Structures are given as C-alpha cells and as structure tokens.
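These are the residues of each chain, in order.
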Amino acid sequence: MASHRSPASDWYKTAFRYDYLRVYPHRNDEEAHRQVDFLVDNMDIPPSCEVLDLGCGDGRHSLELARRGYRVTGLDLSEELLERARRRTAEEGLDITFIQGDMRDPPGVSAFDLVVNFFTSFGYFQEDRENARVLDAITRSLRPGGRFLMDYLNREYVISTFVPADSRTVEGMEVEQRRWISGDPSETGGHVRINKQVRIREDGAERSYDESVRMYTLDELGEMMARAGLEIVQAYGDFDGSPVSADLPRNILVGQIGQSGEAGAFGETRQPGESRLAGESGSCADAALPDEKKAKPCP
Ligand SMILES: C[S@@+](CC[C@H](N)C(=O)[O-])C[C@H]1O[C@@H](n2cnc3c(N)ncnc32)[C@H](O)[C@@H]1O
C-alpha cells in the first residue's frame, strides 16, 4: 500500500471526461432507467416535482427523470459531460436545466422537492468537512419536507471484494486499473479511502487519471447526514430493493429533511406505518404522507 502515490486532492476536476464514460460503459441509459424505476417505485414522487440531480455527469438520470415528467436541474463540475448532457437533451426535445458548478454550492435554496446523487458522487474531497458541505448543500437546496436519494458505495463490500489490479480492452483501448485502500478500516473513525489509478493505452499513446473516494461506514454517513439536518428513512443494498447487507454493493440511502430541523439518527426505531416526513411544504415533498395529509400536487 505504501508504494502508491496519493492522488491529487483535486483529482475530481480531471477524472470525469470522455474517457470516464468509455471506462464505465455499463453505467449507461439502461442502468439509469432501472434506477429511476426504483426511485419512482420506492419514493412515490409525483411527476412534475422539482428534482436536483447533484453530480449529474452526462445526464443519464436527468434525462430519464425528464422523460417521466419531472422538472429537472442537473449540476456537475465537468463541462465535457455537461456538453454531452445538453446535446442529448436538445436531440430529444426535453427541457432540463444544466448548471456547471460545485456540489458544495447549491444552485437554489429551498428550490427542490428531491435531490438525487447517483453512482458514488459523494466523498470526493480530502477533508471530511468539505464532504459535509455537500450534505449541507442538499439540505439547503430542499424545500421543507424535501427528500433525497444517495446511491453510495458499501465500504464493507468494497473491502471484502477488493481486487488490487485488473486490465481489459474497451473500444480498442487498453484499460489498466490499480486500486489501493488508504487508512485503517479497523480503526474507529479512521480516514479510509478507496483509490484508483486508471491507465489507458490507445493508438500508441498513454494517459492516466486518478480516483479517490472517502469510504464512510453507514453509521458515519448517517451521523454526518444528521448533523446536516438529513434523516435516513430507508437504506437499500442494491437497486432490486434488498436491504443493506455486507454482501451487497451499495448503500442506497433514501430520506428527508429532519423534522423541524432536528434530524433523527439512522437506526432510530419507528412504529410501523409512522411517517417521518415533515410534509409542510404544500409541494411534492410530502408525497409519502397519508392521503388526507397530502397537499396539492406540484403545479
Ligand atoms: C461517478 S460520476 C456519476 C455521474 C452521474 N451521477 C451518473 O450516475 O452517471 C461523478 C460525477 O460527479 C461530478 N463531480 C465531481 N466533483 C464534483 C464537484 N465538486 N461538484 C460537482 N460535480 C462534481 C463528476 O464530474 C461526475 O460527473
């Protein structure tokens, strides 16, 4: 482990370009379609709600949400990925607002009913306080009663299935990936990251980029969210709806702004059928409330 050089702290500014799309070809529209199905089935968000896709990349989820009638804003740092998102949006005649910006700075305050954050678009910053700012941005961008879905890695699974190196050929380019874990996962509160160097050889030339993601345990993330005023209501281990488990790859966290600004900690017991949704917004945000408490749907 010690022989690896540390990725630059701003690795995320250069890692997400066209090569990223080619290295992860299975992170495509079909997958986004299934994941949006999951969101619709499990969150009961009425179409026409305002959704913020935080770290939207090339817009695969933004487009799918817009196709289903949601009013979508996608925010991302990568101008290259946004360019593709805008082009595809225009080709389909959809109406989506794409903003180039940093996920620590919300594009609107109390402006959204739902924030989505798909495919490990969290934990990129070196400092925990900077990662916490992303959660604050989610809270600030949500309307009262607003909800979120975060699709994050499962640290236990990453560690138990860890493969230090592999290589494959994709679209004529040779892709070699070297991975290493930094920090001590057995130390409570330790700063643990999964790091990757991606080396690409194509047409006789070589280039590389790095990735480095802070691996929070589910408890750590729940505590960070609670501090940001976010409450996890449900945690899934995969997009088939299975509950979180050590042998499933994801931590898919579904939740809401904590009631009256006081977020409950993850794991807090709740009576069956009892809603934790604030539901004071008169908007889509309270969609999971019992019918008699629901306000009018989004205009
Ligand atoms: C793993 S990709 C996921 C993209 C998209 N959610 C998806 O599932 O296809 C992470 C995305 O986060 C974006 N990103 C990285 N750092 C960012 C930052 N500081 N602010 C906003 N976006 C950022 C990247 O440009 C990239 O598009």
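Everything quoted here is computed from the prediction, not taken from an experiment.

Cut-off values and rules
- Residues numbered from 1 in each chain as written.
- Predicted model: local features only at pLDDT ≥ 70, side-chain atom pairs only at ≥ 80, totals over all residues.
- Helix = DSSP H or I, 4+ residues; strand = E, 2+ residues; numbered from the N terminus.
- Buried ≥ 20, exposed ≤ 12 C-beta atoms within 10 Å, placed from the backbone.
- Contact = placed C-beta atoms within 7 Å.
- Pairing = 2+ DSSP bridges.
- pLDDT = per-residue confidence, 0-100.
- Axes fitted to C-alpha atoms, helices over the stretch in contact; angles between N-to-C directions.
- Near = placed C-beta within 6 Å.
- Nonpolar A, V, L, I, M, F, W, Y, C, P; charged D, E, K, R; others polar.
- Arc of directions from axis to C-beta.
- Core = buried A, V, L, I, M, F, W, Y, C linked by C-beta atoms within 7 Å.
- Parallel < 35°, antiparallel > 145°, perpendicular 65-115°, else oblique.
- Left-handed = near helix turned anticlockwise from the far one by under 90°.
- Expected span 1.5 Å × (residues − 1).

**Re the overall build of the chain**
Per the secondary structure count, the chain includes seven helices and eleven strands. When the 299 residues of the chain are sorted by exposure, 37% land in the buried category. Restricting the contact set of the chain to residue pairs at least 6 apart, pairs at least 24 apart contribute 63%.

**Overview of the pairing of strand E8 (residues 193-202)**
Successive side chains on a regular strand alternate, one facing one side of the sheet and the next facing the other. Sheet analysis places strand E7 (residues 173-182) next to E8, joined by nine bridges and oriented antiparallel. Counted as the bridge partner of Glu-176 is Arg-199 from E8. Here ten bridges tie E8 to strand E9 (residues 205-214), and the two strands are oriented antiparallel to one another. Paired with Arg-199 across the strands is Ser-208, a residue of E9.

**Observations regarding the confidence of the model for the chain**
The share of residues in the chain with pLDDT of 70 or more is 86%, and the mean pLDDT across the chain is 88. Scored below 50 in pLDDT, residues 260-282 shows 47 contacts in the model against residues more than four places distant or in partner chains. For residues 288-299, every residue scores under 50 in pLDDT, and the model assigns this stretch 24 contacts once sequence neighbours within four places are set aside.

**Points about the sheet that holds E8**
An order of E6-E7-E8-E9 is seen for the four strands of this open sheet, with the pairing classed as antiparallel. The open sheet is flanked by strand E6 (165-170) and E9, the only strands paired with a single partner. Strand-to-strand twist of the sheet, defined as the mean angle between neighbouring strand axes without regard to direction, takes the value 20 degrees.

**Focus on the site of the ligand**
As a structural note, the neighbourhood of the ligand is formed by 18 residues, with Phe-16, Gly-55, Gly-57, Ser-78 and Phe-119 the closest of them. In the shell around the ligand, the residues fall into nine nonpolar, five polar and four charged.

**Re helix H7 (residues 218-228)**
When we look at burial in H7, the residues that qualify are Leu-221, Gly-222, Met-225, Ala-226 and Ala-228. Relative to the axis of H7, the buried residues are bounded by an arc of 160 degrees and lie together on one face. The secondary structure elements touched by the buried residues of H7 are helix H5 (128-141), strand E5 (142-153) and strand E10 (230-236). Two residues or fewer past H7, Gly-229 is found with a positive phi of approximately 90 degrees.

**Some remarks on the nonpolar core**
Counting 57 residues, the largest nonpolar core has Val-51, Leu-114, Val-115, Val-116 and Ile-138 as its most contacted members. Ranked by residue count, the leading element in this core is E5, at five residues. What Val-116 contacts, discounting residues up to four positions off in sequence, is Leu-39, Val-51, Asp-53, Leu-54, His-61 and Leu-149.

**Let's talk about the packing of H5 against H7**
Their axes nearest at 9 Å, the elements H5 and H7 cross at an angle of 50 degrees. With respect to H7, the element H5 is oriented oblique. Between H5 and H7 the crossing geometry is right-handed. Counting all contacts with H5, which are made through Ala-132, Leu-135, Asp-136 and Thr-139, the residues of H7 involved are Met-224, Met-225, Arg-227 and Ala-228. Of the residues belonging to the contact of H5 with H7, the class tally is five nonpolar, one polar and two charged.

**Observations regarding the packing of helix H2 (residues 29-43) against helix H3 (residues 60-67)**
Direction vectors running N to C along H2 and H3 enclose 55 degrees, while the axes themselves pass 9 Å from each other. Of the possible angle classes, the one that applies to H2 and H3 is oblique. Note that H2 runs across H3; the crossing there is right-handed. Only Arg-60, His-61, Glu-64 and Leu-65 of H3 make contact with H2, whose side of the interface consists of Asp-29, Ala-32, His-33, Gln-35 and Val-36. Here the contact of H2 with H3 is built from residues that sort into three nonpolar, three polar and three charged.

**Thoughts on H2**
Taking 1.5 Å per residue, 15 residues should reach 21 Å; H2 reaches 20 Å between its end C-alpha atoms and fits that length. Every buried residue of H2 is listed here: Ala-32, Gln-35, Val-36 and Leu-39. All buried residues of H2 fall inside an arc of 100 degrees around its axis, so they share one side. For H2, the exposed residues set more than 90 degrees away from the buried face come down to Glu-30 and Asp-41. Tucked inside the fold, the buried residues of H2 contact H3, strand E4 (112-117) and E5. Of the residues trailing H2, Asp-44 is marked for its positive phi of about 50 degrees.

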